[in-house]
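Take a look at the letters that make up each chain.
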Amino acid sequence: MTPVRRPGAGAAVVLAVLLVPVLLWPDGEAVRRVVVDGYVVLLERGMPQQVRPEHYAALLNVLVFVPLGWLGVAALRARVLTTVLVLAGLSGAVELAQLLPVMERQASLLDVACNTAGAAVGALVASRVRQHAGRDEVVDEPGDVVRDDLG
């Protein structure tokens, strides 16, 4: 039996591993600087000034968990709700860890909400892709031999 190749799941694993240091980086100021630097670059390229660094931070919090949601459903074969709940718990744990004085970070319920939204997006997309792939395997193409033909 040939193993099924899943480049999307492989990419999600790599991205998840790369994201762990970002989520648990102890220096909150360094993380803030990265967001502000990205904000400045986008402003220089015509992004409206009404979009503030806080908006980018919220968007990044959503995007960080999209591959994790995908990974839960696509690679680990977990259900969407289970994946979202586990990742919401993980996000909450990360925010609780940020309350530790050594972390020098600010915990935020908005971060948990954005992370959970990202997990839901990733899990739902992976679920739809999996459903679509499953349908392709079941569809009987014209000219295929089916059980009735074997008779």
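Model, not experiment: these values are computed from the prediction. (Residues numbered from 1 in each chain as written. Predicted model: local features only at pLDDT ≥ 70, side-chain atom pairs only at ≥ 80, totals over all residues. Heavy atoms only, no water.)

Undergrad: Looking at this model, I keep getting lost on a nonpolar patch on the surface. Mind explaining?
TA: Taken together, the side chains of Val14, Leu15 and Leu18 make up a nonpolar region of the molecular surface, amounting to roughly 270 Å² of accessible area. Here Val14 shows up in helix H1 (residues 7–24). (Patch = residues over 30% accessible without salt bridge, like charges linked within 9 Å, V, L, I, M, F, W, Y side chains within 5 Å. Areas by Shrake-Rupley, 256 points an atom, 1.4 Å probe, with all protein chains shown as cover. Salt bridge = Lys/Arg side-chain N within 4 Å of Asp/Glu carboxyl O. Helix = DSSP H or I, 4+ residues; strand = E, 2+ residues; numbered from the N terminus.)

Undergrad: Got a minute to help me understand the environment of Val51 in this structure?
TA: Considering the arrangement of structural elements, one finds Val51 in the loop between helix H2 (28–44) and helix H3 (53–75). Overall, Val51 belongs to the partly exposed group, its relative accessible area being 25%. Separated by 12 residues in sequence, Val51 and Tyr39 place their C-alpha atoms 8.7 Å apart. (Buried < 20%, exposed > 50% of the residue type's maximum accessible area, 1.4 Å probe, protein only.)

Undergrad: Sorry, what's going on with the packing of H3 against helix H4 (residues 80–97) here?
TA: The angle between the axes and the distance between the axes are what describe a pair of packed helices. Look at H3 against H4: their axes get within 9 Å of each other, and the N-to-C directions meet at 135 degrees. The angle between H3 and H4 places the two elements in the oblique class. Considering the relative orientation of H3 and H4, their crossing is right-handed. Facing H3, whose interface residues are Phe65, Leu68, Gly69, Gly72 and Val73, H4 presents Val80, Thr83, Leu87, Leu90 and Ser91. When grouped by side-chain class, the residues that make up the contact of H3 with H4 number 6 nonpolar, 4 polar and no charged. (Axes fitted to C-alpha atoms, helices over the stretch in contact; angles between N-to-C directions. Parallel < 35°, antiparallel > 145°, perpendicular 65-115°, else oblique. Left-handed = near helix turned anticlockwise from the far one by under 90°. Contact = heavy atoms within 4.5 Å. Nonpolar A, V, L, I, M, F, W, Y, C, P; charged D, E, K, R; others polar.)

Undergrad: Which parts of the structure should I look at to understand the nonpolar core?
TA: Most often, soluble globular proteins have nonpolar side chains that are buried together. One finds Ala16, Leu19, Leu23, Val64, Phe65, Leu68, Leu71, Leu87, Val94 and Ala119 forming the largest nonpolar core, which totals 10 residues. Counting only elements with at least two residues in this core, the list comes to H1, H3 and H4. Ranked by residue count, the leading element in this core is H3, at 4 residues. Val73, Ala74, Ala123 and Ala126 belong to the second-largest nonpolar core, a separate cluster that totals 5 residues. (Core = buried A, V, L, I, M, F, W, Y, C linked by side-chain atoms within 4.5 Å.)

Undergrad: Can you help me understand the layout of surface pockets in this one?
TA: Any empty space left between atoms is shown by rolling a water-sized probe over those atoms. Approximately 1000 Å³ is the volume found for the largest pocket. In terms of lining residues, the largest pocket is bounded by 35 residues, among which Val31, Arg32, Val35, Ala57 and Asn61 are the most central. Of all the secondary-structure elements, those providing two or more residues to the lining of the largest pocket are H1, H2, H3, H4 and helix H5 (109–138). Classifying every residue of the lining of the largest pocket gives 21 nonpolar, 7 polar and 7 charged. (1 Å grid on protein atoms, 1.4 Å probe; cavity = no way out; pocket = protein on both sides within 12 Å on 5 of 7 lines; lining within 4 Å. Points joined across faces, edges and corners; volume = space filled by probe spheres on them.)

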